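Residue-level structural notes
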Protein chains: 2
Amino acid sequence: MSGNERPKLSRRAWITTASGVVAAGLVHTQADAMRLVAEEIPQQTQDPTRVPGRIVSELGTRAPAEQPRRLLRAQTLSSSSRTPLADLMGVITPSDLHFERHHAGVPDIAFGDHELLVHGMVERPMVFRMADLMRYPQVSRIRFLECSGNGGGVYSRTRMPTEVTVQAMDGLLSTSEWTGVPVSTILREVGVRPGASWILAEGSDAAVMSRSIPLDKVMDDSLLAYGQNGERLRPEQGYPLRLFNPGYEGNTSVKWLRRIEVTDRPTHTRDETSKYTDPLGDGTVRQFSLTMDAKSVITFPSYPFALPERGWWEARGLAWSGRGRITRVEVSTDGGRRWVDAALQGPILAKSTVRFRHLFEWQGDDTIILSRATDETGYVQPTVQQLWEARGERTSYHQNHQRAWKIARTGEVTFGLGELV
Amino acid sequence: MSGNERPKLSRRAWITTASGVVAAGLVHTQADAMRLVAEEIPQQTQDPTRVPGRIVSELGTRAPAEQPRRLLRAQTLSSSSRTPLADLMGVITPSDLHFERHHAGVPDIAFGDHELLVHGMVERPMVFRMADLMRYPQVSRIRFLECSGNGGGVYSRTRMPTEVTVQAMDGLLSTSEWTGVPVSTILREVGVRPGASWILAEGSDAAVMSRSIPLDKVMDDSLLAYGQNGERLRPEQGYPLRLFNPGYEGNTSVKWLRRIEVTDRPTHTRDETSKYTDPLGDGTVRQFSLTMDAKSVITFPSYPFALPERGWWEARGLAWSGRGRITRVEVSTDGGRRWVDAALQGPILAKSTVRFRHLFEWQGDDTIILSRATDETGYVQPTVQQLWEARGERTSYHQNHQRAWKIARTGEVTFGLGELV
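Numbering of residues begins from 1 in every chain and follows the order in which that chain's sequence is written. As a convention, the first chain written is A and the first ligand written is 1, with the rest following in written order. Predicted model: local features are reported for residues with pLDDT of at least 70 only, side-chain atom pairs are reported and counted for 80 or more only, and whole-chain, interface and lining totals are derived from all residues. In computing side-chain properties, one takes all heavy atoms of the structure into account and sets aside hydrogens as well as water.

**Thoughts on the overall build of chain A**
In DSSP terms, a helix is any run of H or I states spanning at least four residues, a strand is any run of E spanning at least two, and both are numbered starting from the N terminus. Broken down by element type, chain A carries 7 helices and 24 strands. Buried means the residue's accessible area, taken with a 1.4 Å probe over protein chains only, is under 20% of the maximum for its type, while exposed means over 50%, and partly exposed covers the values in between. A burial count over chain A gives 65% of its 421 residues as buried.

Shown next as structure tokens:
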């Protein structure tokens, strides 16, 4: 049933449904309605009911026309790939589209050979094989993971692109149902000694990614994760085992985890001194800025979309906070003068993305659309000016400021930033 | 770090962790502990930290050793493929492993050409193109989908296999985050006439799958779904558009939806008269048994697993109900004499699968393990005898009776049924 041959009809139906969104549809006469139907008799040559279909398969594939892809940065050992956020719906990220950030590539590790050593300030240093870990009480949680460098590429006043997609800007964000064993279970097993206050997590990639994490955090809700979205971890997500710290900057969730050392202080590894520290405006440096603050991004409308006509549109996006639940997302369609609460799609889970939507009427003028998130601690996503004032312009980490999209009279959408707000 | 070369060590660690699960671990001497560590110095030839890894990619792939597959029935136009439930964790089913049940194969439909006709007892018969539908307020919900024939293959007393997997028995069950437009939104758009009480949903596959659904149901929570687990529907799930009726038997969620007719009675199509009706013991037939009753399955231990040794194990499984939330799952490890509440993994969502787990000590004897689910209406998953009494043995639909697994002294697990309970 090709609508391309009936532009007049499709146009009519399209306008009707669009305006109908706000229960203010065009007036239809019965004649209109009947004509709509009469023209709809399918043509057999185009009728899929006349052709036997493809039979069942052991593994599904996407429709040929639906081929979302991650966006690659430099194809080097230390690189990243970004999730196509504007192509996605809901909150779950398909595992093959989950962002990557590796410092020395993806190691090839056999499930049966992998072992985790837990030692340091413990009563019983122990080695766990995957078969051991999978026998412990298993929990699953839907949580986001975001690289602390997400959004950093467009932060500096000196580099302020306007033709940038959500994927290129904020695609180092993904959400999965993670499955594994609470770290607290394993630490009770080995017996943490008095005075211990941090752990060191070490990966078995060629970067030997190593991060220090407060003991209180890992005892609270960190997982030794071996499952993602129902299946075993993908190699690029740490197969067969990764640490997962809900709400913390991504690289603390050390992939290909081989060692946990319990300590009484942070270890100050290369990965938390030369990197993943935030130079501030006053010349000092912020270290261990571990929690990802509340943030939101509008995925539609965004570059390179163009609104084909004025009228009612549903703005859609994602909001999340490393501190807990999102309690509110506001949207402004006039550059930040007036804000309206967006609808939030439940269930609203702590430290997970939440989908928000806001219906607005585009009058055909130049305008700017923004979103701002508030979490259960009362924290409100800051403006870019507030972030510049607090942190200066010398860091590209933790750039959670409000994103702005400029809609031109032509309907074309481009990325905006502080100067637009 | 290959553990295969250190069976004694691995064995020790393995027993330790297993018993540790119940905080009643073996007593460790410091000497034990230190030996565990000393033996763990990695051998460079096996150390992945000495080899650069694979770089980032546009699309992820599974580990070579992790290749779950759907199980195919007859490879004919009318066939099914089943989800590997025992291989999965949490509740989300990866989209390429979601079960299939087609009556005439998977049609090839172009997103831009597809149209939905809504007519019958409405004020304004209308045609919607995909671009129209995607402009309406969008909702996402995590819900299960189950074929009403799921489990039917092992129901009859005359066909009672013992060497059957969870996948072969109950693999016509999957759970996804579904995204689309509420049917109620579209029906308000066209204006339902007084006296309407049902709809007819028609697919554009070569079977022209057609089902009648009560109007109250579709107005309550049915979706015109175009998204699944973040991405566009897969072709085998109805691309570009399917009806999705949460909690209802699977084939009412008509795939490749092309027509909705609003009526004042059920249409009694071939697909709800010659099929999908339940012959009862008294010679009568039950029609429109639409809601899937509460059910649970243990995915571990299950055939063909074998417990390698006595001790503490975590039984794991899934429970779900088409009537709302699961409120309780009980597990028996003694053939149904004694029942213990299993732990439920939150969030517990209505009409979604919920993961349950129960730690039990296997003493090394012959035993039988079962689970039974209770939902928020108070409905309790029946025994197979109760189902036989109520429905006879002439139907293979809606077989939600308690499943039993027999654990032999050898540790081998086989499927059981009524005679074991």
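**Considering helix H5 (residues 183-190) of chain A**
Burial within H5(A) is extensive, with 7 of its 8 residues counted as buried. Gly191(A) sits one or two positions beyond H5(A) and adopts a positive phi of about 80°.

**Structural notes on the pattern of salt bridges**
Note on definitions: salt bridges are taken to be side-chain nitrogens of Lys or Arg within 4 Å of carboxyl oxygens of Asp or Glu. Under the criterion given, the structure shown has 62 salt bridges over all chains. Here Glu261(A) makes a salt bridge to Arg259(A), at a shortest N to O gap of 2.9 Å. With a relative accessible area of 24%, Glu261(A) lands in the partly exposed category. Note that Asp264(B) is salt-bridged to Arg265(B), the shortest N-O span being 2.7 Å. Arg265(B) sits in the exposed class, given a relative accessible area of 53%. Overlapping salt bridges, with partners in common, bring together Asp47(A), Arg50(A), Glu202(B), Arg258(B), Arg259(B) and Glu261(B) in one network.

**Some words on the interface of chain B and chain A**
Here, two residues are considered to be in contact whenever any of their heavy atoms come within 4.5 Å of each other. With 118 residues of chain B at the interface, the matching set in chain A holds 119 residues. The term buried area means the drop in 1.4 Å probe accessible area that two parts suffer when joined, counted for both and summed. Buried area between chain B and chain A, summed over both chains or domains, comes out near 10100 Å², and the portion from carbon and sulfur atoms is 57%. Together, Val56(B), Met89(B) and Arg135(B) form the three largest contributors to the area buried by chain B at its contact with chain A, with a combined 9%. For the salt bridge of Asp47(A) with Arg258(B), the shortest nitrogen-to-oxygen distance reads 3.6 Å. Polar contacts here mean pairs of N or O atoms no more than 3.5 Å apart (in protein, one a potential hydrogen donor and the other a potential acceptor; neighbouring residues in sequence count only if both atoms are side-chain atoms). In this assembly, chain B and chain A are joined by 36 residue pairs in polar contact (both at pLDDT 80 or more). By residue number, the principal contributor to the side of chain B that touches chain A is helix H1 (residues 7-20) of chain B, which donates 7 residues.

**Focus: the relation of the copies chain B and chain A**
Here the copies are superposed with least squares, the fitted atoms being C-alpha atoms of residues at a pLDDT of at least 70 in both. Each copy of the sequence occupies a distinct position, and chain B is placed on chain A by a rotation of 180° and an axial shift of 0.0 Å, giving an RMSD of 0.0 Å. Such values leave the two copies arranged in the relation of a two-fold axis. When the interface residues of chain B are mapped onto chain A, 100% of them are again interface residues, pointing to one common binding face.

**Looking at the pairing of strand E7 (residues 173-182) of chain A**
Residues and elements named next belong to chain A. Burial runs high along E7: 10 of the 10 residues are buried. Where strand E6 (residues 139-146) meets E7, 8 bridges bridge the pair, whose relative direction is antiparallel. The residue bridging Phe144 from the neighbouring strand is Thr175, located in E7. Judged from the 5 bridges that link them, E7 and strand E10 (residues 223-228) form a sheet pairing that is antiparallel. We treat two strands as partners when DSSP finds at least two bridges between them.

**A few points about the side chain of Ser174(A)**
Looking at the secondary structure, you find Ser174(A) in strand E7. A polar side-chain atom of Ser174(A) sits 2.8 Å from a polar atom in the side chain of Thr83(A).

**Regarding the packing of aromatic side chains**
For Phe, Tyr and Trp, where Trp contributes only its six-membered ring, two rings pair if their centres lie within 6.5 Å, and the inter-plane angle classes them as stacked under 30 degrees, edge-to-face over 60, or tilted in between. Counted by the stated rule, this structure contains 18 aromatic pairs over all chains. Members of the aromatic cluster, joined through ring pairs, are Phe300(A), Phe305(A) and Trp313(A). Charge-over-ring placement is defined geometrically: NZ (Lys) or CZ (Arg) within 6 Å of the ring centre, and within 35 degrees of the ring normal. One Lys or Arg, Lys217(A), reaches over the ring of Tyr248(A) and ends 4.7 Å from the middle of that ring. For Arg232(B), the ring lying beneath its charged end belongs to Phe111(B), and the centroid distance is 4.2 Å.

**A short note on the pairing of strand E24 (residues 413-416) of chain B**
Residues and elements named next belong to chain B. Relative to E24, strand E23 (residues 404-407) runs antiparallel, the two being bridged by 4 bridges. Note on E24: the bridge partner recorded for Lys406 is Thr414. With antiparallel pairing between neighbouring strands as the criterion, E23 and E24 make up a hairpin whose turn holds 5 residues, including Gly411 at a positive phi of roughly 95°.

**A look at unusual backbone geometry**
Put simply, Phe300(A) and Pro301(A) share a cis peptide bond, and its omega is -5°. Structurally, the position occupied by Pro301(A) is in the loop between strand E16 (295-300) and strand E17 (311-320). Residues Tyr303(B) and Pro304(B) are joined by a peptide bond in cis, for which omega reads 5°. Despite not being glycine, Val208(A) has its phi angle at roughly 40°, a positive value. Position of Val208(A) among the secondary structure elements: in the loop between strand E8 (198-203) and strand E9 (210-214). Even without being a glycine, His398(A) presents a positive backbone phi close to 55°. In this fold, His398(A) is placed in the loop between helix H7 (384-391) and strand E23 (404-407). For His398(A), a relative accessible area of 4% corresponds to the buried category.

**Section: the sheet that holds E17(A)**
All names here are of chain A. Read from one edge of the open sheet, 4 strands run E16-E17-E21-E20, paired in antiparallel fashion. On the outer flanks of this sheet lie E16 and strand E20 (343-344), each paired with one strand and no other. The pairing of E20 with strand E21 (residues 354-362) spans 2 bridges and is antiparallel. Across the sheet, the residue bridging to Leu344 is Phe356, located in E21.

**A word on the environment of Val190(A)**
Residues and elements named next belong to chain A. Assignment of secondary structure puts Val190 in helix H5. A residue is classified by how much of its surface remains accessible, and Val190, at 0% relative accessible area, is buried. Leave out the neighbours within four places in its chain, and Val190 touches Val118, Val122, Glu123, Arg124, Met126 and Phe128.

**Examining the confidence of the model for chain A**
Residues and elements named next belong to chain A. Residue-level confidence of the predictor is what pLDDT reports, using numbers from 0 through 100. Confidence in the prediction of chain A, expressed as mean pLDDT, is 88, and 87% of residues score 70 or more. Throughout residues 1-45 the model reports pLDDT below 50, and contacts reaching past four residues in sequence, or to other chains, amount to 79 contacts. Across the whole predicted complex the pTM is 0.90, and at the interface the ipTM reaches 0.90.

**Digging into the sheet that holds strand E4 (residues 115-120) of chain A**
All names here are of chain A. Pairing is mixed in the open sheet, where 5 strands are placed in the order E5-E4-E13-E8-E9. Looking at strand neighbours, the two that pair on one side only are strand E5 (126-129) and E9, the edges of this open sheet. Adjacent strand axes in the sheet meet at a mean angle of 20° when their direction is disregarded. Relative to E5, H5 is tilted by about 140°, and along the sheet it contacts E4, E5 and strand E13 (257-263). In this description, a line fitted to the C-alpha atoms serves as the axis of each element, helices being fitted only across the stretch in contact, and the angle between N-to-C directions of two axes falls anywhere from 0 to 180 degrees.

**Notes on H7(A)**
All names here are of chain A. The complete set of buried residues in H7 reads Val384, Leu387, Trp388 and Arg391. Down the axis, H7 shows its buried residues gathered within 100° of arc, on one side only. Residues of H7 that are exposed and point more than 90 degrees away from the buried face comprise Glu389 and Ala390. Against strand E14 (278-279) and strand E15 (285-286) lie the buried residues of H7. Backbone geometry just after H7 places Gly392 at a positive phi near 70°. The arc in question is formed by the directions pointing from the helix axis toward the C-beta atoms.

**A few points about the environment of Glu146(A)**
All names here are of chain A. Here Glu146 is to be found in strand E6. Between the C-alpha atoms of Glu146 and Leu172, which are 26 residues apart in sequence, the distance is 5.7 Å. Discounting chain neighbours no more than four positions away, the residues touching Glu146 are Phe99, Leu172, Leu173, Tyr248, Glu249, Gly250, Met292, Lys295 and Trp320. Side-chain polar atoms of Glu146 contact the side chain of Lys295, separated by 2.8 Å. A distance of 2.8 Å separates the side chain of Glu146 from the side chain of Trp320, its partner in a polar contact.

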